[in-house]
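Coordinates in review
Next come the chains, spelled out residue by residue.
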Amino acid sequence: MTRTADRLFVVQFGAERVSKNLSLAGGPHHLYWEPLYGVIVETGEGRVLFDTGMSRASHHSAENTAAYRAGGVGASNLDVPWHLYPEPPRTDDWNWGLPGDPLVAGLAQVGLEPSDISLAVISHMHVDHSGGIGTLTAAGVPIAIQRRELEFVQSGAVGIAEGFNALDWTAPGTQWRVIDGDEELAPGVRAVSTPGHTPGHQSLLVDLPESGSWLFAGDAADLAQNFLDHTPCGSCAGGTDEDAQNAAESIDRLLALARERQARLIPGHDQVVVNAVRHPRGGHR
Ligand SMILES: [Zn+2]
């Protein structure tokens, strides 16, 4: 018999302004705000958090801002007003987060503190997903990551210009739970290997008793359109033909798994979808 988790919350930590051609290969160079969110899953063996948003240190990093700005050069729609809730502040910032530590503020929205999390799962080490590792490490929370991803960033191959911040994987005392491929992490919670966007990217499959299966893609698919068009994101951090091939296959894999499970397939950065699955009071069961 399949074990299930108990309850699920979707919490938005902030947003980032990026070009659609980063999220959708071959897409237009058109800027818009993409949400940064985490998923909190309550299980019989504690709470699992999937993805952690961007750290305050990265928000305040001039180098990080410069990297975002460089990615936006040449876009024509900087002043188009955003039309969804939440509405980012109309400033020159390229990203925004909840006040203080965005992860702490996000967890507080559902009455939690970092120490209430039993295990944090990081889809990949891009700065907009791994920013909570330092805070979680300080709270004694172990961090689940694919071995290939950890080895990739520890090799020193990438830095802030590529969207990675070493502060996120060098927090003293981080308790890594290193994963090779698919693995059950808690009752009803499973890591699903979806490499390509980064070499060791992973997604998360959650089974709930009433609402059924949820498949959180992470950046294997930023937008619903990645699935509709059968098209991966616009960048592969590893940069090889094999990475591009893996990214295409990861889209196929998620679509097949979603069909098989009749799962809700949730992309990593789609504000329309995040708003649609924002949990009801008391969470999804
Ligand atoms: Zn990413």
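Residues numbered from 1 in each chain as written. Predicted model: local features only at pLDDT ≥ 70, side-chain atom pairs only at ≥ 80, totals over all residues. Heavy atoms only, no water.

Comments concerning the overall build of the protein chain
Operational definition: Numbered from the N terminus, helices here are DSSP runs of H or I no shorter than four residues, and strands are runs of E no shorter than two. Each radius of gyration is computed over the set of C-alpha atoms, and the globule rule expresses the reference value as 2.2 Å times the number of residues to the power 0.38. Each residue is assigned to one of three classes by its accessible area relative to the maximum for its type, calculated with a 1.4 Å probe on protein chains only: buried under 20%, partly exposed between the two thresholds, exposed over 50%. Throughout, a contact is declared for two residues whenever any of their heavy atoms are within 4.5 Å. Here, Shrake-Rupley sampling with a 1.4 Å probe gives the accessible areas, and only protein chains in the shown set may cover a residue. In this count, Lys and Arg are taken as positive residues and Asp and Glu as negative ones, while His and the chain termini are left out. Note that the charge is assigned to NZ on lysines, CZ on arginines, CG on aspartates and CD on glutamates.
Scanning the protein chain from N- to C-terminus turns up 9 helices and 12 strands. Here the protein chain has a C-alpha radius of gyration of 17 Å; the compact-globule value for 285 residues is 19 Å, and the two agree. With the C-alpha coordinates aligned to their principal axes, the bounding extent of the protein chain is approximately 55 × 40 × 40 Å. With 285 residues in all, the protein chain has 56% of them scored as buried. For the protein chain, the proportion of contacts with a sequence separation of at least 24, taken over those separated by at least 6, is 70%. A total of about 11800 Å² of accessible surface is found on the protein chain, and carbon and sulfur atoms cover 50% of it. When the 19 basic and 35 acidic side-chain charges of the protein chain are each reduced to a single mean position, those positions are 6 Å apart.

Some words on the packing of aromatic side chains
Stated precisely, the cut-off is as follows: The criterion for an aromatic pair is that two Phe, Tyr or Trp rings (for Trp, the six-membered ring) have centres within 6.5 Å, with stacked assigned to planes under 30 degrees apart, edge-to-face to planes over 60 apart and tilted to the rest.
Here the structure, examined in full by the defined rule, presents 2 aromatic pairs. With 5.9 Å between their ring centres and 75° between their planes, phenylalanine 152 and phenylalanine 164 make a pair best called edge-to-face. Placement of the pair is phenylalanine 152 in helix H6 (residues 147-154) and phenylalanine 164 in the loop between H6 and strand S7 (176-179), with a sequence separation of 12 residues. Residue classification places phenylalanine 152 among the buried positions, given a relative accessible area of 14%.

Comments concerning the coordination of the zinc ion
Quick reminder of the rule: For Na, K and Ca the donor cut-off is 3.2 Å, while for other metals it is 2.8 Å, and in both cases only N, O and S atoms qualify; water is not among them, so sites may look incomplete. Geometry is assigned from donor-metal-donor angles: four donors are tetrahedral when every angle falls between 85 and 135 degrees, four are square planar and six octahedral when opposite donors sit over 155 degrees apart with all other angles between 65 and 115, and any other arrangement is irregular.
Protein coordination at the zinc ion comes from His124 (NE2), His126 (ND1), His197 (NE2) and Asp219 (OD), with a distance range of 2.1 to 2.3 Å. Taken together, the 4 donor atoms coordinating the zinc ion span angles of 85 to 174° at the metal, a pattern that classifies the geometry as irregular. Taken in chain order, the donor set of the zinc ion reads H-x1-H-x70-H-x21-D. You can call histidine 126 buried: its relative accessible area is 11%.

As for the sheet that holds strand S6 (residues 143-146)
What counts, and what does not: Only when DSSP finds a minimum of two bridges between them are two strands counted as paired. Axis definition: a line fitted to C-alpha atoms, limited for helices to the stretch in contact. Angles are taken between N-to-C directions and run from 0 to 180 degrees.
The 7 strands are arranged S4-S1-S2-S3-S5-S6-S7 in an open sheet whose pairing can be described as mixed. Of all the strands in the sheet, the pair left with one neighbour each is strand S4 (95-97) and S7. Between one strand axis and the next, the sheet turns through 25° on average, direction left out of account. Both strand S1 (residues 7-19) and strand S2 (residues 31-43) contribute to a ladder of 12 bridges, which runs antiparallel. If you follow glutamine 12 over to S2, its bridge partner there is tyrosine 37. Strands S6 and S7 of the sheet are contacted by H6, whose axis makes an angle of about 85° with S6.

Comments concerning H6
Rules: The directions considered for the arc run from the helix axis to the C-beta atoms.
Three or more residues of H6 are buried, namely Glu149, Leu150, Phe152 and Val153. Here the buried residues of H6 occupy an arc of 160° about the axis, which is enough to place them on one side. Tucked inside the fold, the buried residues of H6 contact S6 and S7. Looking one or two residues beyond H6, the residue adopting positive phi is glycine 156, at roughly 85°.

Let's talk about the state of the cysteines
Basically, it comes down to this: Two cysteine sulfurs form what is called a disulfide whenever their separation falls within 2.5 Å.
In total, this model carries 0 disulfides according to the counting rule given. Here cysteine 233 is not cross-linked by a disulfide; its sulfur's nearest cysteine counterpart is in cysteine 236, at 8.5 Å. The class of cysteine 233 is buried, set by a relative accessible area of 7%. Accessibility expressed as a relative area gives 25% for cysteine 236, which makes it partly exposed.

Focus: the side chain of aspartate 207
Rule in force here: N or O atoms within 3.5 Å of each other form a polar contact, as long as, within protein, one can give a hydrogen and the other can take it, and as long as residues adjacent in sequence are counted only when both atoms are side-chain atoms.
With respect to the secondary-structure elements, aspartate 207 resides in strand S10 (residues 202-208). Using a relative accessible area of 11% as the deciding quantity, one classes aspartate 207 as buried. A polar atom in the side chain of aspartate 207 sits 2.4 Å from the side chain of serine 213. When residues no more than four places from it in sequence are discounted, the contact partners of aspartate 207 are Thr2, Arg3, Thr4, Ala5, Gly188, Gly212, Ser213 and Arg261.

A short note on unusual backbone geometry
Where the residue is not glycine, phi is negative for most of them; where a peptide bond is considered, it is trans in most cases. The omega angle of the peptide bond from tyrosine 85 to proline 86 is -5°, so this bond is cis rather than trans. Mapped onto the elements, proline 86 comes out in the loop between helix H3 (62-72) and S4. Residue aspartate 51 is not a glycine yet carries a positive backbone phi of 75°. Tracing the chain through its elements places aspartate 51 in the loop between strand S3 (46-50) and helix H2 (56-59).

Nothing here speaks to function; it is all geometry.
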